[in-house]
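# Residue-level structure breakdown
Listed below, chain by chain, are the residues.
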Amino acid sequence: MRMRQLPVLIAGLSLSLSAFAAAGDSWNIPVNVKKLDNGLTVIVSPDHTSPTVGVSVVYHVGMRLEPKNRTGFAHLFEHLMFQGTPNAPKGVFDKTITGGGGRNNGSTRPDFTNYIETAPVSSIESILWLEADRMKTLDFNEKSLKNQQDVVKEEIRVNVKNQPYGGFMWIDINQQAFQKWENKHDGYGSFADLEGASLDDVRNFHRDYYGPNNAVLAISGDVTPAQGFALAKKYFAAIPKRPTPPATDFTEPLNTAEKRIEQSDALAQVPAIAAAWKMPARGSRDLAPMAVLGELLAGGDASVLYQGLVKGREVALNVENLYGLTSPWEFDGPTLFTVFALYKPASNADTVLKGIDEEIAKVAAGGVDPATLKRVKTRMLANWYNTLESFMDRADTLAKLHTLWGDANVANQIPGWIDGVSSEDIERVATSYLSRANRTVIDRKPVARTAAVATPAAPTPVKN
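Summarised in this report is the structure supplied together with it. The structure presented is a predicted model; accordingly, all values stated were derived computationally and were not measured.

### Observations concerning the overall build of the chain
Counting its secondary structure elements, the chain contains 17 helices and 11 strands. Projected onto its principal axes, the C-alpha coordinates of the chain cover approximately 60 × 55 × 40 Å. Residues counted as buried form 56% of the 464 residues belonging to the chain. A fraction of 84% describes how many contacts in the chain between residues 6 or more apart in sequence connect residues 24 or more apart. Separation between the mean location of the 49 positive side-chain charges and that of the 51 negative ones in the chain comes to 2 Å.

Okay, structure coming up:
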């Protein structure tokens, strides 16, 4: 995600109460899908509660598909997408959208790169013209490349190298848990690899992965399906489809032996631990139960591990969960369920892991009581529907789900999947996946100090 501040527009945040009243506790968002002749998938989700619109363009490429010896290239390329085209020089994209009261951004994940905007509906044609323009080509030049190489390197310094814990809970843990390069390399990138990127690398990446047939365009907000499809055809239909590289096999089985790593951290004040397990595959019958189990274990202060480690045993200072770099629904290859915690200096990693194992064993043996399971599901459903209220987030969610699952209507199926998870499902996935054999652990310890220091607040895991 680009390091910049943009004006905030509250867009599409009002959800029609009649939508809930008509369907009880459920809410199906409208999803209309059409594919253009050039392979671009277009999704329109109308909602006329606000005269605003959200747009997302998702390309089916991310860190997992970047070239070898070019770690961090997918993220670098995301930055270059904002550096202008022959028709819209550098600065035009941002000025056009923010000048009209909107905001925009982009991010890179293992399996996709997304570009998002929200603005008054009067700006929709400008947004679509700009997105189509940079899908056609970019202003490939050495100055922009060098500038963004420096920007990304500075982002790494700020978010990783000069940050306590340095993203070890998603960068380092991946390098230890996975076997294949596509899954284990540092998606932020090494300075040497970033500096080695050439204009030919940039041109080839755009040619191979940024064609309309490798993209999904989603529009949500104050437009009708007919309007949305007509505008998509107007601005994108003339862009020719382009061949994409053959698919890569980056599947991996579950791990069969626990891996323990110890690291030192010169910036950390208290020790931290990351324990990660390989997740069920996307589309597996175990995916929804794993998502619910993750929430049960480490989703907030009421979670099993927070109550067991922070409140009960008083060995940890916090407990958080991560699903790789995305959500439990937005990945297309091997990923991890990770528990991250700061723990008290008087304790140790063995004690924290023993507490984690004991809490998981209780769930694996006895499942979860109906009241707790209902509470966990309710929290998950509330978070899911809250995400879909924002027009920009809704468009982005639909585009990402269609990119990864091949069906944007998964957005309307996920609540049912969550609601259908039983205590027996929870027991099964806890036993099958959260085993020691499938676990990778990093114990991150501060460099010894001579003076006592204050206990810090828990850091927010870096997500890009």
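So that's the structure; there's more coming.
### Focus on helix α11 (residues 287-298)
Taking 1.5 Å per residue as the helical rise, α11 with its 12 residues ought to reach 16 Å, and the 16 Å between its terminal C-alpha atoms agrees with that figure. With respect to burial, α11 is a largely interior element, 12 of its 12 residues being buried. Of the positions making up α11, those classed as buried are Leu-287, Ala-288, Pro-289, Met-290, Ala-291, Val-292, Leu-293, Gly-294, Glu-295, Leu-296, Leu-297 and Ala-298. Just downstream of α11, Gly-300 is the residue with a positive phi angle, here 100°.

### Remarks on the pairing of strand β2 (residues 41-46)
Along β2, 6 of the 6 residues are buried, which leaves the element largely enclosed by surrounding structure. Alternating positions in β2 separate into two faces, Thr-41, Ile-43 and Ser-45 on one and Val-42, Val-44 and Pro-46 on the other, with burial throughout. In this structure, strand β1 (residues 32-35) lies alongside β2, joined through 4 bridges in antiparallel fashion. Considered in β2, the bridge of Lys-34 is made with Val-42. Joining the antiparallel neighbours β1 and β2 is a turn of 5 residues, in which Gly-39 adopts a positive phi near 95°. Two elements, β2 and strand β6 (residues 215-221), share 6 bridges in a ladder whose sense is parallel. Bridging across to β6, Ile-43 finds its partner in Ala-218.

### Let's talk about the packing of helix α15 (residues 391-405) against helix α16 (residues 410-419)
Across the interface, α15 lies against α16 with an axial gap of 10 Å and an inter-helix angle of 85°. On the basis of the axis angle, α15 is roughly perpendicular to α16. Contacts between α15 and α16 involve Leu-398, Leu-401 and Trp-405 from the former and Val-410, Ala-411, Ile-414 and Trp-417 from the latter. When its residues are assigned to classes, the contact of α15 with α16 shows 7 nonpolar, no polar and no charged.

### What about the packing of aromatic side chains?
Scanning the entire structure with this criterion turns up 19 aromatic pairs. Plain terms: the ring middles of Tyr-59 and Tyr-115 are 5.9 Å apart, the flat faces sit at 75° to each other, and that makes the pair edge-to-face. Of this pair, Tyr-59 sits in strand β3 (residues 52-59) while Tyr-115 sits in strand β5 (residues 113-120), and the two are 56 residues apart along the sequence. The ring of Phe-250 carries the charged tip of Arg-64 above its face, separated from the ring centre by 5.1 Å. Geometry around Trp-405 places Arg-282 over its ring, the cationic atom sitting 5.0 Å from the centre.

### Quick word on the sheet that holds β6
The sheet built from 6 strands is open, its strands ordered β1-β2-β6-β3-β5-β4 with mixed pairing. Each end of this open sheet is capped by a strand with a single partner; those strands are β1 and β4 (103-108). On average, each strand axis in the sheet is inclined to that of its neighbour by 15°, with strand direction left out of account. Packed onto the sheet, helix α10 (residues 225-236) meets β1, β2 and β6 and runs at close to 150° relative to β2.

### Overview of the pattern of salt bridges
Taken as a whole and assessed by the stated rule, the structure comprises 33 salt bridges. Put simply, Asp-265 and Arg-444 hold a salt bridge, and the shortest N to O gap is 2.9 Å. Here Arg-444 lies in strand β11 (residues 439-446) and Asp-265 lies in strand β7 (residues 259-265), a separation of 179 residues in the sequence. Of the two residues, Asp-265 and Arg-444, both sit in the buried class. Notably, a salt bridge pairs Arg-428 with Asp-286, separated by 2.8 Å at the nearest N-O pair. Here Arg-428, found in helix α17 (residues 423-433), pairs with Asp-286, found in the loop between β8 (272-278) and α11; they are 142 residues apart in sequence, far enough to count as distant.

### Observations concerning the side chain of His-185
Mapped onto the fold, His-185 is located in the loop between α7 (181-184) and α8 (191-196). We classify His-185 as buried; its relative accessible area is 10%.

### Topic: the sheet that holds strand β10 (residues 336-342)
One open sheet holds the 5 strands; their spatial order is β7-β11-β8-β10-β9, and the pairing between them is mixed. The sheet terminates laterally at β7 and β9 (320-323), the two strands that pair on one side only. Each adjacent strand pair in this sheet contributes to an overall mean axis angle of 20°, direction not counted. Contacts from α11 reach β9 and β10 within the one sheet, and its direction differs from that of β9 by about 160°.

Reading the values: rules and limits
Residues numbered from 1 in each chain as written. Predicted model: local features only at pLDDT ≥ 70, side-chain atom pairs only at ≥ 80, totals over all residues. Heavy atoms only, no water. Helix = DSSP H or I, 4+ residues; strand = E, 2+ residues; numbered from the N terminus. Buried < 20%, exposed > 50% of the residue type's maximum accessible area, 1.4 Å probe, protein only. Contact = heavy atoms within 4.5 Å. Lys, Arg positive; Asp, Glu negative; His and termini not counted. Charge placed at Lys NZ, Arg CZ, Asp CG, Glu CD. Expected span 1.5 Å × (residues − 1). Pairing = 2+ DSSP bridges. Axes fitted to C-alpha atoms, helices over the stretch in contact; angles between N-to-C directions. Parallel < 35°, antiparallel > 145°, perpendicular 65-115°, else oblique. Nonpolar A, V, L, I, M, F, W, Y, C, P; charged D, E, K, R; others polar. Phe/Tyr/Trp six-rings, centres within 6.5 Å; stacked < 30°, edge-to-face > 60°. Lys NZ or Arg CZ within 6 Å of the ring centre and 35° of its normal. Salt bridge = Lys/Arg side-chain N within 4 Å of Asp/Glu carboxyl O.

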